[in-house]
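Coordinate analysis (summary)
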2 protein chains.
Amino acid sequence: MKHFALIAALIAAGPAFAYEPLVEKQSFTLTDFTTDGGATIPEMTLGYETYGTLNEAKDNAILIPHYFSGNSHAAGKYAESDAAPGYWDTIIGSGKAIDTDKYFVVAVDSPVNLGANDPNVITTGPASVNPATGKPWGMDFPILTIGDFVETQKGLMDQLGIPKWHAVMGASMGGLQSYEWAARHPDLLERVIPVIASGWADADLIAWLDVWASPIKLDANWNGGDYYEGEAPNAGLADALKVVTLHANSAEWTNGTFGRNWAAEGADPGKAWANDYAVVDALNKAGAARASLSDANHFLYLVRACQQFVAGHPEDGIYKGLLNIDVPVMLIHTDEDLVFPGDAVRETAGIIKSDGTPVEIVELQGTRGHLDGVLNIAQASDRLKAFLDAE
Amino acid sequence: MKHFALIAALIAAGPAFAYEPLVEKQSFTLTDFTTDGGATIPEMTLGYETYGTLNEAKDNAILIPHYFSGNSHAAGKYAESDAAPGYWDTIIGSGKAIDTDKYFVVAVDSPVNLGANDPNVITTGPASVNPATGKPWGMDFPILTIGDFVETQKGLMDQLGIPKWHAVMGASMGGLQSYEWAARHPDLLERVIPVIASGWADADLIAWLDVWASPIKLDANWNGGDYYEGEAPNAGLADALKVVTLHANSAEWTNGTFGRNWAAEGADPGKAWANDYAVVDALNKAGAARASLSDANHFLYLVRACQQFVAGHPEDGIYKGLLNIDVPVMLIHTDEDLVFPGDAVRETAGIIKSDGTPVEIVELQGTRGHLDGVLNIAQASDRLKAFLDAE
């Protein structure tokens, strides 16, 4: 395996070898889960995957919560024939930054996971059956917080008998969960690595998240969230996912990839309304493709969870929760990020550092904006490895 | 009047004195207007306003085309009781940068103007009656280009007997029209001042414009553009205008103005779906208010016109039209602009300058992003005045 890792390191720009062995989705259930808002969810079943082996002391476990439209498939393949491995496979595996010869990685599905219709996602949310009625919860499902997501992970931690995470690391919404872990349970982790995320949702993020969500409510099929016996609002959901895709990318990507090309040769958008530009066509297709495995209400619940986010959920202000963080922090981000701009990440770092907590910042380079935190995370490999392996 | 101007200059941060005398909307009609796309519009009637007096030589006229959601009300008031003067009143008037003691300013309504239902707008577009059918054109109205907008202004120029503009100056979509004038009719103007705009719509702008427009098509009332005898798609139009408002502002504005405040005291967005954040509530209200005077199809036509924009509309590439510009250029913009980012404006300047055309760049400071080109234009007053008054 070392030999493979060496080769992988030498050809870092090329495709890395996927995490081995094949990965299996597992699940866990929490009963009578109480939310931050005081509601009770009788049964909360969520999926997870693990990579590597939990040691006897159970002190080598690293938790990976996922991003907004992601799931627990962070590394490896389910079958050799899979087109691609999990989203962070470049940093998870034997000899990689998160070395599975050494660490036991636990990647979890969130509640209200977007991919409610994806067979590889196990989640509980508005599309799930409410045991009290025998019908899908719809918008009667309790509004959740990022803190609730963390508490479900705490439930899994307890079931696995893990006393303390060696680290918690996640991208974007997974970064919010990482901050939340460190602010809410400072004694239950050794270090934290929020990636492409800041320590609270500011007004600008709240507003953009609302722009993401708005198309769903415009779709007549949404019907106040009650659509499980009829047509799903997939046109609205597709438009919502189109906005997410564009916002999570960058002008370098749109301009470099599509330019002013038309979607089809000879089909000038100036000549007919049915014609369009290549960039618009690609975004429409990406949105529609992602919508088919997703649930519109789940999208709305994720948006509301993110909008509410202030690390540690203090009663007032944004500082108290961040000041609660006292484990070493590594922030990985890019200044080309439109969703979590560099200024917001630096301001977060400033608050955490202000009482002496060590904060290391890693800047990624790339042309994909926010998405570079997923696609180009391997750039951080050396510093990430050193941060994880530090005594 | 000089005394007033002096006082206005001394209290530049406060409200300026509005252009005097009271302003009247006028209109002009072009018959059998032929579009860039080869269609014929039997009757094109558009509004305009003038400030100052056309001199005998007719060589003191300055043309002001407007921005996406704007109209020809660039300065002054219609009645003393008006709450606010036209959008660029701080630079248009006696003793101001565009000195109406010296210049004759012509501000025009565009075809397919967004404010089709605004009594102060006179325009022709899909909401207008098609003489051939006696019914509104709807989506049968010909797709227009920014070049078509310019040709309508050329028609007014001819009717007024103006042989050459002393200058053409406009913000945002008005900036596109300014570039287009200089690239398309280099002999018909003395200088050009595109504000918060670049010389072509790149893929990123094309994609964001599509995000602006998409909510309209999601609204079931849109009905393929055929809604003039039923309910207008005002929910979709309001969402579209919400996206425009957010995109044209900046994080400094959202964060500084609203923070994480709730829309209503005691109404925690974490507790109920009916509750929301102040920033979202304000954007929703702004969108809805603007929708009531606007037309959804006109919005779509404006988007398509902007998406098609390449200065001078050359057959291939983006350079040829910009290289056609050989009058002095002043570009006014801000680096905080999300719609026309600084890089795009600088690239435009680089192309125009490459063959020796003089280009002066003025950077605005502010907290409103793209909108600073409207709200904070007075910062450019001294340099604008010098540029306009140069022999």
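The model shown is predicted, which means the values in this text are computed figures rather than measured ones.

Now for the UniProt feature "domain: AB hydrolase-1" (unreviewed entry) in chain A. Per the UniProt record, "domain: AB hydrolase-1" (unreviewed entry) is found at residues 94-354 of chain A. The distance separating the terminal C-alpha atoms of residues 94-354 of chain A is 37 Å; by composition the span is 41% helix and 10% strand.

All names here are of chain B. The sheet built from eight strands is open, its strands ordered β1-β2-β6-β3-β9-β10-β11-β12 with mixed pairing. Here the strands that pair on one side only, and so sit at the sheet edges, are β1 (26-34) and β12 (359-363). Each adjacent strand pair in this sheet contributes to an overall mean axis angle of 20°, direction not counted. Note that strand β11 (residues 329-333) and β12 share five bridges and pair parallel. In the sheet register, Leu331 faces β12, and the bridge partner there is Ile361. Where helix α10 (residues 342-353) meets the sheet, it contacts β11 and β12, and its direction lies at approximately 175° from that of β11.

Let's shift gears to the interface of chain B and chain A. Tallying the contact residues gives 50 residues for chain B and 50 residues for chain A. Ranking the residues of chain B by area buried against chain A places Leu218, Arg260 and Trp273 of chain B at the top, with a combined share of 20%. One can count three salt bridges joining chain B with chain A. Residue Asp276 of chain B pairs with Arg304 of chain A through a salt bridge whose shortest N-O separation is 4.0 Å. On the surface where chain B and chain A come into contact, there are 26 residue pairs in polar contact (both at pLDDT 80 or more). Every element with two or more residues in the side of chain B that touches chain A is listed here: α4 (203-218), α5 (234-247), α6 (251-258), α7 (278-291) and α8 (296-308) of chain B. At ten residues, the largest contribution of residues to the side of chain B that touches chain A is made by α4 of chain B. The residue makeup of the side of chain B that touches chain A, split by class, is 28 nonpolar, 13 polar and nine charged.

Attention shifts here to the UniProt feature "active site" (unreviewed entry) in chain A. Residue and element names in this part refer to chain A. Under the feature "active site" (unreviewed entry), the UniProt entry names Ser172, Asp337 and His370. Spatially, the listed residues are clustered: although they cover 199 residues, their C-alpha atoms lie within 10.6 Å of one another. Within the secondary structure layout, Asp337 lies in the loop between β11 (329-333) and α10 (342-353). Setting aside residues up to four positions removed in sequence, Asp337 forms contacts with Ile196, Gly369 and His370. Along the chain, His370 falls in the loop between β12 (359-363) and α11 (372-375). Overall, His370 belongs to the buried group, its relative accessible area being 7%. Other than its neighbours up to four places away in sequence, His370 contacts Ser172, Ile196, Ala248, Asn249, Glu336, Asp337, Val339 and Phe340. Separated by 2.7 Å, the side chains of His370 and Asp337 make a polar contact.

Another point: the sheet that holds β11 of chain A. Residues and elements named next belong to chain A. Spatially, eight strands are ordered β1-β2-β6-β3-β9-β10-β11-β12 in an open sheet, and the strand pairing comes out mixed. Both edges of this open sheet fall to β1 (26-34) and β12, since each of them pairs with a single strand only. Shown here is a sheet whose adjacent strand axes are inclined to one another by a mean of 20°, direction ignored. The pairing of strand β2 (residues 40-51) with strand β6 (residues 104-108) spans four bridges and is antiparallel. From the neighbouring strand, Glu49 faces β6, where its bridge partner is Ala107. The sheet strands contacting helix α3 (residues 173-184) are β3 (61-64), β9 (167-171), β10 (192-195) and β11, and the helix crosses β9 at an angle near 150°. Its contacts with the sheet place α10 against β11 and β12, and it is angled at close to 175° to β11.

Residues and elements named next belong to chain A. Helix α7 (residues 278-291) packs onto helix α6 (residues 251-258) with a crossing angle of 115° between their chain directions and a minimal axis gap of 9 Å. Relative to α7, the element α6 is oriented roughly perpendicular. The interaxial crossing formed by α6 with α7 has right-handed handedness. Here α6 contributes Trp253, Thr254 and Phe258 to the contact with α7, which in turn contributes Ala278, Val279, Ala282 and Leu283. The residue makeup of the contact of α6 with α7, split by class, is six nonpolar, one polar and no charged.

What follows is about the domain arrangement of chain A. All names here are of chain A. Considered domain by domain, chain A is made up of domain 1 (2-201 + 310-389) and domain 2 (208-297). The gap between the C-alpha centroids of domain 1 and domain 2 is 27 Å. Across the contact, 22 residues belong to domain 1 and 19 residues belong to domain 2. For the domain 1 and domain 2 pair, buried surface summed over both sides reaches about 1,800 Å², with 62% attributable to carbon and sulfur atoms. Linking domain 1 with domain 2 are zero salt bridges. The interface formed by domain 1 and domain 2 contains ten residue pairs in polar contact (both at pLDDT 80 or more). Residue composition of the side of domain 1 that touches domain 2, grouped by class: eleven nonpolar, eight polar and three charged.

Turning our eyes to something else, we now look at the environment of Val243 of chain B. Among the secondary structure elements, Val243 of chain B is positioned in helix α5. Along the sequence, Val243 of chain B and Tyr301 of chain B sit 58 residues apart, while their C-alpha atoms lie 17 Å from each other. Those residues in contact with Val243 of chain B that lie beyond four places of it in its chain are Val211 of chain A together with Val211 and Trp212 of chain B.

Take the relation of the copies chain B and chain A next. Between chain B and chain A, which share one sequence, the superposing operator has a rotation angle of 180° and an axial displacement of 0.0 Å; the RMSD is 0.0 Å. Both copies of the chain, as the preceding transformation shows, are related through a two-fold rotation axis. In this assembly the copies share their binding face: 100% of the residues contributing to the interface of chain B also contribute to that of chain A.

Residue and element names in this part refer to chain B. For the structure on display, the rule yields 25 aromatic pairs over all chains. Judged by centre distance (5.1 Å) and plane angle (85°), the ring pair of Phe68 and Trp212 falls under edge-to-face. Of the two residues, Phe68 sits in the loop between β3 (61-64) and β4 (92-93) while Trp212 sits in helix α4, which places them 144 residues apart along the sequence. Both residues of the pair, Phe68 and Trp212, belong to the buried class. Aromatic side chains Trp137 and Phe141 sit 5.1 Å apart centroid to centroid with 85° between the ring planes, which places their arrangement in the edge-to-face category.

Okay, the pattern of salt bridges next. This structure, assessed with the given rule, holds 30 salt bridges over all chains. A salt bridge links Lys25 of chain A to Asp109 of chain A; its shortest N-O distance comes to 4.0 Å. Here Asp109 of chain A lies in the loop between β6 and β7 (129-130) and Lys25 of chain A lies in the loop between α1 (2-10) and β1, a separation of 84 residues in the sequence. One salt bridge in this structure joins Lys102 of chain B and Asp389 of chain B, with 3.7 Å as the shortest N-O distance.

This part covers the pairing of strand β9 (residues 167-171) of chain B. Residues and elements named next belong to chain B. Extensive coverage of β9 is indicated by the burial of five of its five residues. Burial along β9 is two-sided: the face carrying Ala167, Met169 and Ala171 and the face carrying Val168 and Gly170 are both buried. As defined by bridge partners, β3 adjoins β9 across two bridges and the pair is classed as parallel. Each residue of the ladder has a partner; that of Leu63, found in β9, is Val168. In this sheet, strand β10 (residues 192-195) lies alongside β9 in parallel orientation, the contact comprising four bridges. Bridge pairing links Met169 to Ile193 in β10.

With that settled, consider α10 of chain A. A rise of 1.5 Å per residue sets the reference length of α10 of chain A, with its twelve residues, at 16 Å; its end C-alpha atoms lie 16 Å apart and thus fit the reference within 8%. Summarising the contacts, the buried residues of α10 of chain A are in contact with α3, α9 (319-323), β11 and β12 of chain A.

Thresholds, definitions, all that
- Counting from 1, residues in each chain are numbered in the order their sequence is written.
- Following the order in which they are written, the chains are lettered starting with A and the ligands numbered starting with 1.
- Since the coordinates come from a predicted model, pLDDT governs what is reported: local features require at least 70, and pairs of side-chain atoms require 80 or more to be given and counted, while whole-chain, interface and lining totals use all residues.
- Just so you know, side-chain values use all the structure's heavy atoms and leave hydrogens and water out.
- UniProt positions are given in the numbering used here, feature names are shortened, and annotations may be inferred rather than shown by experiment.
- Under the DSSP-based scheme used, a helix requires at least four consecutive residues in state H or I and a strand at least two consecutive residues in state E, with every element numbered from the N terminus.
- Strands are labelled as partners when DSSP assigns at least two bridges between them.
- The angle between two axes is taken between their N-to-C directions and runs from 0 to 180 degrees, where each axis is a line fitted to C-alpha atoms and a helix contributes only its stretch in contact.
- Throughout, a residue-residue contact means that at least one pair of heavy atoms, one from each residue, lies within 4.5 Å.
- Once two parts are put together, the accessible area they lose, assessed with a 1.4 Å probe and summed over both, is termed the buried area.
- For this document, the term salt bridge refers to a Lys or Arg side-chain nitrogen within 4 Å of an Asp or Glu carboxyl oxygen.
- Within 3.5 Å is the distance limit for a polar contact, defined as a pair of N or O atoms, with the added protein rule that one can donate a hydrogen and the other accept it, and that residues adjacent in sequence qualify only through two side-chain atoms.
- Here the term charged refers only to Asp, Glu, Lys and Arg, the term nonpolar to Ala, Val, Leu, Ile, Met, Phe, Trp, Tyr, Cys and Pro, and the term polar to all other amino acids, Gly among them.
- Each residue is assigned to one of three classes by its accessible area relative to the maximum for its type, calculated with a 1.4 Å probe on protein chains only: buried under 20%, partly exposed between the two thresholds, exposed over 50%.
- Oblique is the label for any angle not covered by the other classes, which are roughly parallel (under 35 degrees), roughly antiparallel (over 145) and roughly perpendicular (65 to 115).
- Crossings are classed by handedness, with left-handed meaning an anticlockwise turn of the near helix from the far one by less than a right angle and right-handed meaning a clockwise turn.
- Segmentation into domains, and thus their bounds, comes from an automatic or database assignment.
- Superposing copies: least-squares fit, C-alpha atoms only, residues required to have pLDDT of at least 70 in both.
- In this scheme Phe, Tyr and Trp rings, the latter by its six-membered ring, pair at centre separations within 6.5 Å, and the angle between planes marks the pair as stacked below 30 degrees, edge-to-face above 60, and tilted otherwise.
- Helices are assigned an expected span. That span is 1.5 Å times one less than the residue count.

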